[in-house]
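Geometric and topological summary
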Amino acid sequence: MIPIVVTPYERRYLQRVRDLIFHSELVHSHLDWQETDQWLDTQSVPMRCAWQRGRLVGVMGVSSPLNRTCWLRLAAIHHQSDHSRVLRALWEDLVIELRSRYVQTVALLAVRDWIVRYVPVLGFRYVEDIITLARNGAELPETLPNRLVIRAAQPEDLDELARVDNAAFEPPWQLSPDELRQAVRISASCTVGLLDDMMVGYQLSTLYFDGAHLARLAVIPSVQGLGLGGALLADGLQRFFRRGIYGMTLNTQSSNRRSRRLYERYGFAPNGYDLPYWVITL
Ligand SMILES: CC(C)(COP(=O)(O)OP(=O)(O)OC[C@H]1O[C@@H](n2cnc3c(N)ncnc32)[C@H](O)[C@@H]1OP(=O)(O)O)[C@@H](O)C(=O)NCCC(=O)NCCS
């Protein structure tokens, strides 16, 4: 058996990692705000390379930990290698660093099927599906009467956005200020909701060739259930209607009852594009 040597990722391996990702079909790349290539170029996060006789056979890295949680950001395996052995070697080495950084949970959104075959042996457990909902057309229900003032987000809102985001979402769904900056940069619409000048919610949507995608909708817990999420959603949709865009998709956890009720009221229905969500507790 050819031994597998695992080393930390170094910038001088960048081109080899790029080549591996380009040529292999066994690539897992987390859906986030940066292209993998851009992420590789800038990151200083826990990441490992696996080598056999000097040839790069695998790479694995996680997103920047936030609240002791991170995503399996990248995993790629050379097709002519013992996939399971390479993945295990990478993971076992990576976990040492994750523990030393006090990471407790690593999450995985399985965008490609192949990785699901291997993660149970690494100790990941399936939690639930992340479902996609879609709607079309200009019909909207009445929003509940509310005092929410909605305006476009400004660059100086970033810290407040992060506060609202982190109060509304649990890890691993929270975004760091850096991720939020990136998200706002590529968004087509980002609006914030204010009650008495205090930011209590926001929505962020991106634009695709065939419509808009609501990437984030958040309202702080103390004022949830008062129609503010609905108001932000309706306003966000109307902003797209004015640009002639009537289709919108979004993702949510299948167990997120409150968000699902809200989205169904606003005409969203599942379109069958579901992604399994897995976690491991270290
Ligand atoms: C999901 C979330 C954004 C909803 O925001 P919200 O302000 O609580 O939502 P709303 O108040 O507009 O809607 C919820 C309630 O208001 C009422 N309501 C809202 N709009 C209404 C309307 N047009 N007509 C009648 N009732 C309405 C309903 O009673 C509803 O109650 P229900 O949950 O029992 O169905 C918020 O709960 C949140 O931030 N959650 C955490 C983050 C998250 O999960 N985000 C979504 C996943 S991406």
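Residues numbered from 1 in each chain as written. Predicted model: local features only at pLDDT ≥ 70, side-chain atom pairs only at ≥ 80, totals over all residues. Heavy atoms only, no water.

1. Overview of the site of the ligand
As a matter of local geometry, the ligand sits amid 25 residues, with Glu142, Gly227, Gly229, Gly230 and Asn256 nearest to it. Within the contact set of the ligand, an oxygen atom lies 3.4 Å away from a side-chain nitrogen or oxygen of Gln224. One nitrogen or oxygen atom from the main chain of Gly227 is found 2.6 Å from an oxygen atom belonging to the ligand. In isolation the ligand has 920 Å² of accessible area, and contact with the protein removes 83% of it. For the shell around the ligand, the elements supplying multiple residues, two or more each, are strand 11 (211-219), helix 7 (228-241), strand 12 (247-253) and helix 8 (257-265). (Near = heavy atom within 4 Å. Polar contact = N/O pair within 3.5 Å; in protein donor to acceptor, adjacent residues only side chain to side chain. Areas by Shrake-Rupley, 256 points an atom, 1.4 Å probe, with all protein chains shown as cover. Helix = DSSP H or I, 4+ residues; strand = E, 2+ residues; numbered from the N terminus.)

2. Focus: the nonpolar core
Counting 42 residues, the largest nonpolar core has Leu161, Tyr202, Leu233, Met248, Tyr263 and Phe268 as the members making the most contacts within it. In terms of residues, this core owes the most to one element, helix 7, which gives 8 residues. Judged by nonpolar contacts, the second largest core, of 28 residues, contains Val57, Trp91, Leu98 and Trp278. (Core = buried A, V, L, I, M, F, W, Y, C linked by side-chain atoms within 4.5 Å. Buried < 20%, exposed > 50% of the residue type's maximum accessible area, 1.4 Å probe, protein only.)

3. Considering the layout of surface pockets
Size it by volume and the second largest pocket reaches roughly 450 Å³. Forming the walls of the second largest pocket are 19 residues, and the residues nearest its centre are Gln34, Trp39, Ser64, Asp178 and Glu179. Elements supplying a minimum of two residues to the lining of the second largest pocket: helix 2 (36-42) and helix 6 (177-186). By residue number, the principal contributor to the lining of the second largest pocket is helix 6, which donates 5 residues. For the lining of the second largest pocket, the per-class residue count stands at 5 nonpolar, 8 polar and 6 charged. (1 Å grid on protein atoms, 1.4 Å probe; cavity = no way out; pocket = protein on both sides within 12 Å on 5 of 7 lines; lining within 4 Å. Points joined across faces, edges and corners; volume = space filled by probe spheres on them. Nonpolar A, V, L, I, M, F, W, Y, C, P; charged D, E, K, R; others polar.)

4. Digging into helix 7
For the α-helix, the turn length of 3.6 residues means that residues three or four positions removed from each other point alike. The terminal C-alpha atoms of helix 7 lie 20 Å apart, and with 14 residues this matches the ideal 20 Å at 1.5 Å per residue to within 8%. Among all positions of helix 7, only Leu228, Gly229, Gly230, Ala231, Leu232, Leu233, Ala234, Asp235, Gly236, Leu237, Phe240 and Phe241 are buried. (Expected span 1.5 Å × (residues − 1).)

5. Observations concerning the domain arrangement of the chain
What the domain assignment reports for the chain is domain 1 (5-123) and domain 2 (131-275). Each of domain 1 and domain 2 has a C-alpha centre, and these two points are 30 Å apart. A combined buried area of about 1200 Å² lies between domain 1 and domain 2, and 71% of that area is made up of carbon and sulfur atoms. On the domain 1 side of the interface with domain 2, the three residues burying the most area are Trp33, Leu66 and Trp71, jointly 57% of the side's total. Seen at the junction of domain 1 and domain 2, the total is 0 salt bridges. (Domains from an automatic or database assignment. Buried area = accessible area lost by both parts, 1.4 Å probe. Salt bridge = Lys/Arg side-chain N within 4 Å of Asp/Glu carboxyl O.)

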